[in-house]
Amino acid sequence: MDRIGLVLTDETLVGQEINLTNCDREPIHIPGLVQPYGFLLCLDEHTRRVAQASANTQELLGIPAQELIGQELGYLFEPARLADVNAQLDTLREGHRLLGVRLDLLPGQPFYKLIMHRFDGLLWLEFEPVDAASDGPLNLPSLNDALGQMLAATSVVEFCEYAVQQVRNITGFDRVMAYRFAEDESGEVVAEACRPDLESFLGLHYPATDIPKQARAMYLKNWLRFIPDVGYGPVPLVPAHHPTAPRPPDMTYAILRSVSPIHVEYLQNMGVGATMTISLIRDGQLWGLLVCHHYSPRLVSYELRDLCQFIGKTFSALLKSKEQADDYLYQVKLRENQARLFGLLTEFPDFRKTLYDHLPAVKEVFDCGGVILSFDGDVATYGTAPALAQVAPLLTWLHEHMQGELFHTSSYARHNPRGVEIRSSASGILAIRLGHSADDFLIWLRPEVLQTVTWAGQQQKAEVRKDGEIFLSPRQSFSAWSQSVENTALEWKPIEVEAAQEIRLRIADIRLRLFNQIQERAQTLSRLNAELERSNDELDSFAYVASHDLKEPLRGIHNYSLFLLEDYADKLDADGVNKLETLVRLSQRMESLIESLLQLSRVGRLEPEVKEVDVNQILQEVTEVLQPRFAQTGTELVIAGPLPTVHADPVRLREVLNNLLTNAMRYNDNSTKTVEVGVAPAGKVGPRGVIDGTEYQVLYVRDNGIGIAPRHHANIFKIFKRLHSQDKYGGGTGAGLAIAKKMIEKSGGQLWVESELGQGATFFFSVPK
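Remember, predicted model here, so these are calculated numbers, not experimental data.

Okay, the pattern of salt bridges next. Under the defined criterion, the tally for this structure stands at 25 salt bridges. Here Arg335 makes a salt bridge to Glu498, at a shortest N to O gap of 3.8 Å. Remark: Glu498 occurs in helix H14 (residues 494-568) and Arg335 occurs in helix H8 (residues 302-347); sequence separation between them is 163 residues. Under the relative-accessibility criterion, Arg335 is labelled partly exposed at 24%. Overlapping salt bridges bring together Asp174, Arg195 and Asp197 as one network.

Okay, here's the thing in structure tokens:
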């Protein structure tokens, strides 16, 4: 199980044959085997008696492993030396402790390096024999100089070169490589120090499958792995299982731990005789490895290996700063190109013309192949870019799928299959949105990676015939071959994405300044509109006063005409009576017109009293008043679903519905009359464009009446404008729709009609939600 709880191995494979079909699940932490260049004793952490021993104690000590089981360390050490060992065991943890010890009670009193740690409920004692050919004293001045070079390195590659050179100087390995992982977990040799006569592996790439996930997890826990003789025969533990568990003990931190047979075969196929691997870790993640190869067996002392581990840990601690130094150099170049572009945008007033006229400067901001600029339907390209006919689908895809103001990818084809068509010029795209239109974008392009990636050997697992059976084996040939990276460009760096965002913000600032200039002009127009509105208010006031003051004398004329008819009709001939009756009708007509004019002026003068209104309640109140008229005309009212709650003046909303329902009954000569009230679907288009569904609710009143010809749709909303004679369809002043329209517009809404002659009419009106 790794450190985040994922199970990476299958413990049922313990003791089973490991091959390429199951090596990715091999439980490499519990092999139950050790390398034979030393021997291992596992002590019970409470009794400190030997619980397990490696089977090679007979060969190295002349004592069978079984004889050591249950013994105390006094079996090997004299009391004084035993006290030194026990003092270390008292405070032992997972980290290794080193002691030089002599096995005083054995013939010849052999001398060993004793490496100790505590893990899995056991005390681990690993004994490495002291080589007669000592490594000699460590050259500390040389090491100090090398570490100084690593500190002074100005790039990651230079940093890696110093590290591999120093590890080779310390260990004497034939080849030392710095191996860096990519995002897909494949690896690349980025630095190398080797014998001059060896073929260089620098620049070779390896597939991710070369290092299984469980091995990567082990590299995070144990910084160094050492195999002094790749051709070794594994030595089992006696007994095989942990004292308290039905499995071998966990050898995660054991120096002598035997490695996977697949890995051994892998190394043998490369001709490697000894190897050492040092982890390079950044921010808790495996960044890479220092890999050492020797082409014959080579035993490097524990002290020198520990020193190489120190170099690996120093490398890991400094790595982030070196990567930042690499980023800084590129960032300086990027900032210079960005500043040049910003200077051009500042120098010229029209940012759109500046971008179109200076596309080379736009392209040079980033390391890319080409650029696309699209604004207000005008598309331009520079550098290596798709044909204009291929640009349109890209712009459409970005408009439909781009979330936010910026989008970037190294493989457009992974997002859109049609990206394969433009992969030669636009596998990678970095796009910023310039406006709200569907095609307002600035896009930098990177082509499909033109260089081929060199893999160390064929990536597929070769089938090899053995004993008449076909089985999977590690790759037998390690001659480099090339595999093209399809549909993929170089990744966009975080600093490039950040710079693109800054360019978008700078252009947005310029647009804001232009907007402010437009706002100043708009304020001027607003002042003119305010003056016009005051004039309209004065006109409304005049109409109100005039219509209000005219009503009284007109009412007098009407009343006196009635008095004359009542008192003197018998004294007048028929022509005189007819003239008086005409005078009465005309005065009534004039009073209706003046009342309509008064109502219209009142709408303009008074602000609506807006509140939350339930349209269902308002409609019920209107229909109760109009119920006799519905019954008289035989009209059926249909309410299409529940009506919403809106923000409106209830009095004016009542007047609007009253007018529309009355007209629906009036202008209908069908034997079966219907009127429907409901909510229009979202996205309804009014006279001023699509209605904003987040702000307004659109209601409708639909009838099956006489309909209105499209050429008259605007006229019916004009004051005192009638399409029929006075005596047809029940009369009326022709002011109702004009008043209703003004009531709706006063609250910011719209009122319009959709109709054809003879096919009924639907009146729509929008009300704030």
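Now that the structure has been shown, we can carry on.
Within the sequence span of helix H6 (residues 213-221), burial applies to Gln214, Ala215, Arg216, Ala217, Met218 and Tyr219. Residues of H6 that are buried in the fold lie against strand E7 (175-181), strand E10 (224-227), strand E12 (274-282) and strand E13 (285-294).

This paragraph deals with the sheet that holds strand E1 (residues 33-34). Read across the sheet, 7 strands follow the order E1-E11-E3-E2-E6-E5-E4 without closing on themselves; strand pairing throughout is antiparallel. Every interior strand has two partners, whereas the edge strands, E1 and strand E4 (97-102), have only one. Where strand E2 (residues 39-44) and strand E3 (residues 50-54) come together, 3 bridges link them in antiparallel fashion. Each residue of the ladder has a partner; that of Leu41, found in E3, is Ala53. Packed on one face of the sheet, helix H3 (residues 79-90) meets E2, E4, strand E5 (111-119) and strand E6 (122-129) and runs near 165 degrees to E4. In the packing of H8 onto the sheet, contacts are made with E4, E5 and E6, and the angle to E5 comes to roughly 45 degrees.

Further remarks concern the pairing of E12. Side-chain direction in a regular strand flips from residue to residue, so the side chains alternate between the two faces of the sheet. By the criterion of burial, E12 is predominantly enclosed, with 8 of the 9 residues buried. Judged from the 4 bridges that link them, E10 and E12 form a sheet pairing that is antiparallel. Residue Phe226 lies in a different strand from E12, and its bridge partner there is Met276. As judged from the 9 bridges shared by E12 and E13, these two strands associate in the antiparallel manner.

Conventions we followed
- Residues numbered from 1 in each chain as written.
- Predicted model: local features only at pLDDT ≥ 70, side-chain atom pairs only at ≥ 80, totals over all residues.
- Heavy atoms only, no water.
- Salt bridge = Lys/Arg side-chain N within 4 Å of Asp/Glu carboxyl O.
- Helix = DSSP H or I, 4+ residues; strand = E, 2+ residues; numbered from the N terminus.
- Buried < 20%, exposed > 50% of the residue type's maximum accessible area, 1.4 Å probe, protein only.
- Contact = heavy atoms within 4.5 Å.
- Pairing = 2+ DSSP bridges.
- Axes fitted to C-alpha atoms, helices over the stretch in contact; angles between N-to-C directions.

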